[in-house]
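Listed below, chain by chain, are the residues.
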Amino acid sequence: MSTLPTYRWRLAPEGLATRRQLRALGLRPGGQDVVAEVHRPRRRRGPLVAYLYRIDRAKPVRPMSPGRAAALAKAMAARRTCPACRRDAGYCIPRSLGMCVPCADCPPS
Ligand SMILES: [Zn+2]
């Protein structure tokens with residue numbers, strides 16, 4: 001048997017959310033333990049159980065560290081840089097062309 005506090009469906013205290021509700025907020029449990037359960041009664045079967053987590057201990061779904069953001073920006077800049085004219089095309093260089101559109105149309109001599 002569980003020793004967690006158990007609440008009726010929709011009667012859970014403020015500040016707690018199910019995994020699904022956290023997800024809707026762009027959050028994840030983030031390694032914290034389940035703090036409570038909610039039970040939704042069902043006919044003829046056992047109640048549907050959902051686990052509750054503390055919203056204040058939840059973490060963003062994808063934490064973007066400064067290092068990762070910089071690496072991503074660098075990768076995106078590299079993908080936008082035309083290898084023929086070395087300019088930032090402002091869009092990702094199409095793999096099929098291998099260079100920016102002006103270069104593909106009229107290669108620099
Ligand atoms: Zn180019």
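Analysis parameters
Residues numbered from 1 in each chain as written. Predicted model: local features only at pLDDT ≥ 70, side-chain atom pairs only at ≥ 80, totals over all residues. Heavy atoms only, no water. Helix = DSSP H or I, 4+ residues; strand = E, 2+ residues; numbered from the N terminus. Rg over C-alpha atoms; globule rule 2.2 N^0.38 Å. Buried < 20%, exposed > 50% of the residue type's maximum accessible area, 1.4 Å probe, protein only. Contact = heavy atoms within 4.5 Å. Areas by Shrake-Rupley, 256 points an atom, 1.4 Å probe, with all protein chains shown as cover. Lys, Arg positive; Asp, Glu negative; His and termini not counted. Charge placed at Lys NZ, Arg CZ, Asp CG, Glu CD. Donors = N, O, S within 2.8 Å, 3.2 Å for Na, K, Ca; no water. Tetrahedral: all angles 85-135°; square planar, octahedral: opposite > 155°, others 65-115°. Domains from an automatic or database assignment.

Topic: the overall build of the chain
The helix and strand tally for the chain stands at 3 helices and 6 strands. In sequence order, the secondary structure elements of the chain are arranged as β-β-α-β-β-β-β-α-α. In terms of overall dimensions, the chain is more spread out than a globule: its C-alpha atoms have a radius of gyration of 25 Å, far above the 13 Å expected for 109 residues. Taken along its principal axes, the extent of the C-alpha atoms in the chain is 80 × 35 × 20 Å. Expressed as a percentage of the 109 residues in the chain, the buried residues total 17%. Restricting the contact set of the chain to residue pairs at least 6 apart, pairs at least 24 apart contribute 51%. Entry remark: accessible area of the chain is about 8500 Å², with carbon and sulfur atoms responsible for 55%. If the 22 positive side-chain charges of the chain are averaged to one point and the 6 negative ones to another, these points end up 7 Å apart.

Concerning the coordination of the zinc ion
In this structure, Cys82 (SG), Cys85 (SG), Cys100 (SG) and Cys103 (SG) serve as the protein donors to the zinc ion, at separations of 2.2 to 2.4 Å. Because the angles between the 4 donor atoms bound to the zinc ion fall within 103 to 115 degrees, the donor set is best described as tetrahedral. Mapped onto the sequence, the donors of the zinc ion take the spacing C-x2-C-x14-C-x2-C. Taken together, the residues span a long stretch of sequence, with cysteine 82 in the loop between α2 (66–80) and α3 (101–105) and cysteine 100 in the loop between α2 and α3 at a distance of 18 residues.

A few points about the domain arrangement of the chain
Domain parsing of the chain yields domain 1 (6–60) and domain 2 (66–105). Summarising the inter-unit geometry, the C-alpha centres of domain 1 and domain 2 are found 44 Å apart.

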